[in-house]
Each structure stands twice: as structure tokens, then as C-alpha cells.
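# Coordinate analysis (summary)
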Amino acid sequence: MEEQRDSNQAAAQYCDASGAMRRVGLYDPALDHDSCGVGFIASLGGKPEHHVVGKAVQILMNLEHRGAIGGDKATSDGAGLLLQMPHRFMENACEGLEIELPASGEYGVGMVFLPSAKRLANRCVKAVEAAAAQEGAVVLGWRDVPVDGSFLGRFARDTQPAFRQLFLGRGSIPEAAFERQLHVIRRCMERAVDALENGDYSQFYIASLSTRSIVYKGMLTGSQLLKFFPDLQNPLFTCSFVIVHARYSTNTLPTWSLAQPFRMVAHNGEINTLRGNVNRMRAREQTMVSDLYGDDIDKLKPVIVPGGSDSAMFDNMLEWLVKGGRSLPHAMMMLVPEAWG
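First, a word on what this report is: a plain description of the structure on this page. Think of each chain on its own: its residues are numbered from 1, step by step along the sequence as written. Whole-chain, interface and lining totals are the exception, using all residues; otherwise, since this is a predicted model, local features are given only for residues with pLDDT of at least 70 and side-chain atom pairs are given and counted only at 80 or more. With hydrogens and water set aside, each side-chain value is computed from the structure's full complement of heavy atoms.

Turning next to the nonpolar core. As used here, the term nonpolar core means buried Ala, Val, Leu, Ile, Met, Phe, Trp, Tyr and Cys residues forming a set that is joined through side-chain atoms within 4.5 Å. Between buried and exposed lies partly exposed: a residue is buried under 20% and exposed over 50% of the maximum accessible area for its type, with that area taken using a 1.4 Å probe on protein chains only. Within the largest apolar cluster, 48 residues are counted, with the highest numbers of intra-cluster contacts made by Leu-81, Leu-83, Met-90, Tyr-216, Phe-229, Val-242 and Trp-256. Only DSSP runs of H or I with at least four residues qualify as helices, and only runs of E with at least two residues qualify as strands; both kinds are numbered from the N terminus onward. Per element, the largest residue contribution to this core is five residues, and it comes from helix H2 (residues 50-62). Leave out the neighbours within four places in its chain, and Leu-83 touches Val-53, Arg-212, Ser-213, Ile-214, Tyr-216, Phe-237, Cys-239, Phe-241 and Val-242. The next biggest cluster of nonpolar side chains, apart from the first, holds 42 residues, and it includes Val-112, Ile-173, Phe-178 and Leu-318. Any two residues having at least one pair of non-hydrogen atoms within 4.5 Å are treated as being in contact.

Taken together, four strands build an open sheet; the order of strands is E1-E8-E2-E7 and the sheet is antiparallel. The sheet is open, and its two borders are formed by strand E1 (38-42) and strand E7 (213-218), each paired with just one other strand. Neighbour-to-neighbour, the strand axes of the sheet open up by a mean angle of 15°, direction not taken into account. For two strands to be treated as a pair, DSSP must find at least two bridges joining them. The sheet contact formed by strand E2 (residues 79-84) and strand E8 (residues 241-246) spans five bridges and is antiparallel. Looking at the pairing, Leu-83 lines up with Val-242 of E8. The axes used here are C-alpha line fits, helices contributing only the stretch in contact, and every angle between their N-to-C directions lies in the interval 0 to 180 degrees.

Read from one edge to the other, the open sheet built from four strands follows the order E4-E5-E3-E6, with strand pairing classed as antiparallel. Strand pairing shows two members of the sheet lacking a second neighbour, strand E4 (138-144) and strand E6 (205-210), which therefore form its edges. Across the sheet, the axes of successive neighbouring strands diverge by a mean angle of 20°, strand direction being ignored. Taken together, the five bridges between strand E3 (residues 107-114) and E6 define a ladder with antiparallel strand orientation. The residue of E6 that forms the bridge with Val-109 is Ser-210. Relative to E6, helix H6 (residues 178-194) is tilted by about 165°, and along the sheet it contacts E3, strand E5 (162-169) and E6.

With that out of the way, let us pick up unusual backbone geometry. Note the cis peptide between Gln-260 and Pro-261, where omega equals 5°. With respect to the element layout, Pro-261 can be found in the loop between E8 and helix H8 (274-284). At the junction of Lys-301 and Pro-302, the peptide bond is cis and its omega measures out at -10° in the coordinates. For Pro-302, the location among the structural elements is in the loop between H8 and helix H9 (310-323). With a phi close to 60°, Glu-98 is a non-glycine residue in the positive phi region. One can find Glu-98 in the loop between helix H3 (87-95) and E3. Residue classification places Glu-98 among the exposed residues on the basis of a relative accessible area of 77%. With a phi angle near 60°, Asn-198 is a residue other than glycine that sits in the positive phi range.

All right, on to the pairing of E8 then. Of all six residues in E8, five are buried, a share of seventy percent or more. With five bridges connecting them, E1 and E8 associate as antiparallel partners. Bridge pairing links Ile-41 to Val-242 in E8.

Right, let's get into H3. Within H3, the full set of buried residues consists of His-87, Phe-89, Met-90, Ala-93 and Cys-94. In a view along the axis of H3, the buried residues occupy a sector of 160°, so they form one face of it. If you follow the buried residues of H3, they end up packed against E3, E4, E5 and E7. Along the arc lie the directions from the helix axis toward the C-beta atoms.

On to empty space enclosed by the protein. We place a 1 Å grid over just the protein atoms. Points where a 1.4 Å probe fits but has no way out form a cavity, open points with protein on both sides within 12 Å along at least 5 of 7 lines form a pocket, and any residue with an atom within 4 Å of a point lines it. Grid points are joined across faces, edges and corners, and a volume is the space filled by probe spheres set on the points. The final tally for this structure, using the stated rule, is one cavity of 30 Å³ or more. Approximately 40 Å³ is the volume attributed to the largest cavity. In terms of lining residues, the largest cavity is bounded by His-183, Arg-186, Arg-187, Leu-300, Val-303, Val-305, Asn-316 and Glu-319. Secondary structure elements with two or more residues in the lining of the largest cavity: H6 and H9. By residue class, the composition of the lining of the largest cavity is three nonpolar, two polar and three charged. Each residue gets one of three labels, nonpolar for Ala, Val, Leu, Ile, Met, Phe, Trp, Tyr, Cys and Pro, charged for Asp, Glu, Lys and Arg, and polar for the others, Gly among them.

If you want it as C-alpha cells, here you go:
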């Protein structure tokens, strides 16, 4: 009783009787804004550490009330992490697979969702490898990502893809252009799989393909994430920053691929002008030119991938603008211009 009284007194310092926060210290309710399912954590010293991953997962668990749960009480609309590439972990994971990784930044890792049917997955793997080789990259090998889906809800379990990581060496691609070329390679891979026939390849999805970052996500709650992806519990899995997202799906039904974060953003909210924005971008594609992409620019079309959510389409545009040479602040001002008039 005494502890409860102390707790109530402490709360009264910060809240009025209705529960609304008072102005205290540097906090001003007039400046309130909400991140609604999005979080970010970073090591101030920039040193990759494992506890950063644990704290990122804790953010997701604290945000579970911001994400939706299906009728089976166990299928989430989606949650995930966008992490700095854990080079030490990748080196260690590849040792037993006889994959020799070069130095950090000299290889890219793709987090690939594949069809659960092995025949279809094998066809996707061949298409992906051919696309990478055609663009000058070297396929170093594949790693099966360990997962445990035994506790998932029925819908999440029934639609769960297979998870594999693809390791690509730089090959003949110039060092300065490698990250940008991985963008081109991913789009070529996606189109190659789209062209496959005689099967349902809808589970195929490349969550990330980068030298710098990697995405672990799915139709999971924050508390399910660590159990589903044991990689995240490995002490060698270290990073200096993580972006997190817990999804509440609105314009699109939940799927494994539409969980967030995406390759560059974790984004909330509906874009009410979405169809107009997409149509205007498709019209602009006919006149697109880029000194950095050169002739490869046609391989990126359509820039906005059909079937994505509004957040996924926003991510497509941001990735294209930033990797095409604009700074991140410049690209964001183009995509979300300041109010005027």
C-alpha cells in the first residue's frame, strides 16, 4: 500500500488527474509528437555492440501496443529491425560454410525470402545468381538463416517463406560504385524472378541487399522476433545503430514482405495522394537520366515497384534519389516538402 501511494505521488508530479502530462523540466506538452510504432537506437561512440540489438528489440516489445494482431491472437501485422551490417557475425557464420568473406564493405549481403516449395525456391536461386553474375558481381555463397516458427499464429505460419542470405563479392564492379550497383542488381533479380512461369513465386522478396545494412523482419511481434531469428541472440551480432518498426496495416493486408523497416525507412501513415504520385513518377521515368547510373538507369524501371504499400513505395523513391547522388536531407525535402502558402 505504501509503495502504491509513493507511485501515485510520483505520477502526480508529472500528470494531472486526467492523466495528461504536465509541463515539467524540458518537457512541454505543446511540443508533443508521436512516433507511432517507430524507434531508433544508436551507440553514441559509434562502436558496434551487441547490447544495442537487445535494446532495439526491447523498443519493439514496448511498442507492441502500436502494432496490430490478427484474429488468431498470434499473427502480427509485422515488425522488424534495420541494422548496421554485423561484419564479425557474418565472418563467423560463413566459416563453417566455406565462404571466404573479403573485408567489410567489399561484399554485399542479401536477406532473401524464398518460396517455401523447394522446387520454386531453387528456380529463384538460379535466376538471382544469373542476374548477379550478368551485372559483374561474384556469388560467394548462400547461408540458410535459422528460424523457429513453431509458436507463430496460423496465418503467419501458413505463409512463412524460406530465409536465406546471399553473399556477393564486388567482382569487376568499382569500389565506389558497389553499393549503388547492388541497387541495380536487386532490381534485375526481382525482374528475373517476375519473369519465371509455372509456379507461384509470390513469397520471393529481397528484404535488403547492401554492404552497409541488413533487415530482419516478418509477420512477427516484437517479443517473437528474438525467438524467430536466433541470429539476433548471438553475442557476435553487433551493430552501432538499429531502426525498428511495429506495423499496423491500413491500406494493405499484412504479408511477410510488407513488414517494416524497408531498405532505407521505417515509415508510418497513409499517403493520401499515393496514386497521383505514382502516376506522375511513371510519367517522369521516360526522361530519367543519371551520371552515376548511366545506362543502368533503365534497369531500375519501374522505380516504384507495383504491389507495395505506401511506405514501400516511399522507400523505393528515397533509395533511388539517395543512391542517384542526392543527400538524404535533400531527398527527404523533395519527398516531403514543407507546407507553404
